[in-house]
Amino acid sequence: MRICAKLFNDINFEPDAVQPCCNVHWIRVPRFPFNGGPLDMQAYAEHIGSVMDELQHSGPLCQGCPDLQEHDLGQNRNVCILFRTVSINMHRYQCNCRCVYCDLWQHAEKGSGYPILPALQSLAEQHVLDKQCYFSWGGGEPTILKDFEAASSWILQQGYPQYVHTNALRYSPAVESLLRQGRGAVNVSLDSASPGVYRAVKGVDAFTRVVEHVRRYAAAACTPGLVHVKYIVFAKNNSVKEIAHFLDLCCSLGVDVVQYSLNFAELNTGSAQATSLLGAAFLRHHAAELGLRTEPFFIPPAEMEAIDKLEQEHFGAVAAQA
C-alpha cells in the first residue's frame, strides 16, 4: 500500500488549509480547507482516509515525493492520528523582510493568516498531540504575529519544545524564555557578514540590529547550541571572503551551530551555481576548523554529493556531518 507516515504524524497550518507537510518539493499535496478556529479532527481524519484511497491510484497527488513508500498494513486501514510535529505557516505571506531568494512576501494579498492559538488548543483538547510533539514556527515571519507571544508561551507552558525560524528583526521575549528554559531553539538566516551584503540579500537595512538580537538570544540560551545561524549560499553571497567573515562573526556572537542551505528556487529548477556549491563546501570545511558544528538544511542528495566532492577536492577531508 502506498502511504506516507506524515499523513498521521505531522500537520502543517497554511493560510487557507492544513496539510501533512510543507511541500518543499513543489508538488500536489493533500490539503484540508481551514481558515482558523478549532480544527475538527473527525472531519480531518475522514479527509486523510480519502487521501489514503487516492494514493493507491496513479494520480498526481504526492507524485514523485520520496516520502511516499510501500507499506504492508494488512487488513488494518483505520486512520489513527497522533501528531509528532506541528508546523505553523499560516502567515506564509506576511514578513517584515524582503529577501531576494523568496517571493512569498510579494503576495501579501493572499492573506494575513489567522490566530493560531485556538487551533493549537483544539489539538490538545482532542488529544491528538504526542507527548513529545515538536512545534515549528515558519512563515513568513512569526514574531510579527499578534498572537505569537501568547501562542509560543502557551506551547512552552504545555511542556512542548518549539523551533522558531525568524529573521530576528524583532526581538521576542517568548523566544528568549524558551531559550532560557532549554525548551527549544531559534534559527536566524543571516546570509551575510556585512551590512552591504545583508542589504543586497535581505532587502532591508538592518544588519546591526539583527546581529545584536542574535547576540542577545545566544546570551539568553541556557546551553550552547540552541541558537542556529543559517547561510543560504547563492549568487549574491557565495564569495569565500564573505563566508569566512560570517563564520568569524558567529564565533564572536557565541553561536556554535551554523546551518548551510542553497536557494530553493535554484534547486527546484536545477540551476544551483557551481560557485555556490563550492561556497557551501568552504563554509562546511572552515566551520570545522573553527570548531563550529554545521548542519545542512534541506539540501537534496545530488547537491550534497557535489558539495562533498568539492570539499574533498579543494579543502581536503570531508567534514563529519552532524
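Preceding this section is the structure that the text describes.
Residues numbered from 1 in each chain as written. Predicted model: local features only at pLDDT ≥ 70, side-chain atom pairs only at ≥ 80, totals over all residues. Heavy atoms only, no water.

Here the focus is the layout of surface pockets. If you add up the space inside the second largest pocket, you get close to 180 Å³. Forming the boundary of the second largest pocket are Q94, S112, G113, Y114, P115, I144, L145, K146 and D147. When grouped by side-chain class, the residues that make up the lining of the second largest pocket number 4 nonpolar, 3 polar and 2 charged. (1 Å grid on protein atoms, 1.4 Å probe; cavity = no way out; pocket = protein on both sides within 12 Å on 5 of 7 lines; lining within 4 Å. Points joined across faces, edges and corners; volume = space filled by probe spheres on them. Nonpolar A, V, L, I, M, F, W, Y, C, P; charged D, E, K, R; others polar.)

Turning our eyes to something else, we now look at the pairing of strand β6 (residues 83-88). For strand β2 (residues 10-13) and β6, the ladder comprises 4 bridges, and the chain directions are parallel. Across the sheet, the residue bridging to N12 is S87, located in β6. With 5 bridges joining them, β6 and strand β7 (residues 129-137) adopt parallel strand pairing. Bridging across to β7, F83 finds its partner in L129. (Pairing = 2+ DSSP bridges. Helix = DSSP H or I, 4+ residues; strand = E, 2+ residues; numbered from the N terminus.)

Attention now moves to the side chain of K230. Residue placement: K230 occurs in strand β10 (residues 227-233). Here K230 is buried and forms no salt bridge, its nearest opposite-charge partner D191 lying at an N-O distance of 6.9 Å. Residues contacting K230, with those up to four places away along its chain left out, are N187, V188, S189, L190, D191, F246, Q259, S261 and F297. (Buried < 20%, exposed > 50% of the residue type's maximum accessible area, 1.4 Å probe, protein only. Lys, Arg positive; Asp, Glu negative; His and termini not counted. Salt bridge = Lys/Arg side-chain N within 4 Å of Asp/Glu carboxyl O. Contact = heavy atoms within 4.5 Å.)

Looking now at the packing of aromatic side chains. Applying the stated criterion across every chain, the model contains 13 aromatic pairs. With centroids separated by 6.3 Å and ring planes inclined at 55°, the aromatic side chains of Y44 and F83 adopt a geometry described as tilted. In this pair, Y44 sits in helix α2 (residues 41-55) while F83 sits in strand β6, placing the two residues 39 residues apart along the sequence. Take Y44 and F83: they sit in the same class, and that class is buried. Judged by centre distance (4.5 Å) and plane angle (15°), the rings of Y171 and Y217 are stacked. Residue Y171 is found in the loop between β8 (162-166) and α5 (173-180), and its partner Y217 is found in helix α7 (residues 207-220); the two are separated by 46 residues along the sequence. Classification of Y217 by relative accessible area gives buried; the value is 0%. (Phe/Tyr/Trp six-rings, centres within 6.5 Å; stacked < 30°, edge-to-face > 60°.)

For the bond running from G139 to G140, omega is 5°, close enough to zero to count as cis. Following the sequence through the fold, G140 ends up in the loop between β7 and α4 (148-158). Here D191, not a glycine, exhibits a phi torsion of approximately 60°, which is positive. Examined against the element boundaries, D191 turns out to sit in the loop between β9 (184-189) and α6 (195-202). Residue classification places D191 among the buried residues on the basis of a relative accessible area of 0%.

Taken together, the buried positions of α4 are occupied by F148, A151, S152, W154, I155 and L156. Positive phi shows up at G159, right after α4, with a value of about 90°.

Turning next to the pattern of salt bridges. Between side chains of opposite charge, pairing is possible as soon as their charged atoms come close. As enumerated under the stated definition, the model contains 10 salt bridges in all. With a closest N to O distance of 3.5 Å, R215 and E212 form a salt bridge. With R215 and E212 both in helix α7, this residue pair falls 3 residues apart, about one helical turn. Using a relative accessible area of 35% as the deciding quantity, one classes R215 as partly exposed.

So, on to the sheet that holds β7. Pairing is mixed across the open sheet formed by 10 strands, whose spatial order is β4-β3-β2-β6-β7-β8-β9-β10-β11-β12. Looking at the sheet topology across the chains shown, the edges are occupied by β4 (32-33) and β12 (293-296). In the packing of α5 onto the sheet, the strands contacted are β8, β9 and β10, and the crossing angle to β9 comes to about 130°. (Axes fitted to C-alpha atoms, helices over the stretch in contact; angles between N-to-C directions.)

This brings us to the nonpolar core. In terms of nonpolar packing, the biggest core is built from 100 residues, with F13, F83, V86, I116 and F246 touching the most fellow members. The biggest single contributor to this core is helix α8 (residues 240-253), with 7 residues. Apart from the residues within four sequence positions on either side, V86 is in contact with I11, F13, L120, L123, L129, C133, Y134, F135 and S136. (Core = buried A, V, L, I, M, F, W, Y, C linked by side-chain atoms within 4.5 Å.)

Within the fold, F297 resides in the loop between β12 and α11 (301-315). A C-alpha to C-alpha distance of 10.0 Å links F297 and V258, two positions 39 residues apart in sequence. The residues contacting F297, other than those within four sequence positions of it, are H165, K230, Q259, Y260, S261 and F264.

Further remarks concern the packing of helix α10 (residues 274-289) against α11. If you want to describe how two helices pack, look at the angle between their axes and the distance between the axes. Taken N-terminus to C-terminus, the directions of α10 and α11 make an angle of 65°; their axes are 8 Å apart at the nearest point. By the angle between their axes, α10 is roughly perpendicular relative to α11. As α10 runs across α11, the sense of the crossing is right-handed. For the pair α10 and α11, the contacting residues are A274, L277, L278, A280, A281, F282, R284 and H285 in the first and E303, M304, A306, I307, D308, L310, E311, H314 and F315 in the second. (Parallel < 35°, antiparallel > 145°, perpendicular 65-115°, else oblique. Left-handed = near helix turned anticlockwise from the far one by under 90°.)

From the geometry alone we can't say anything about function, so treat these as descriptive.
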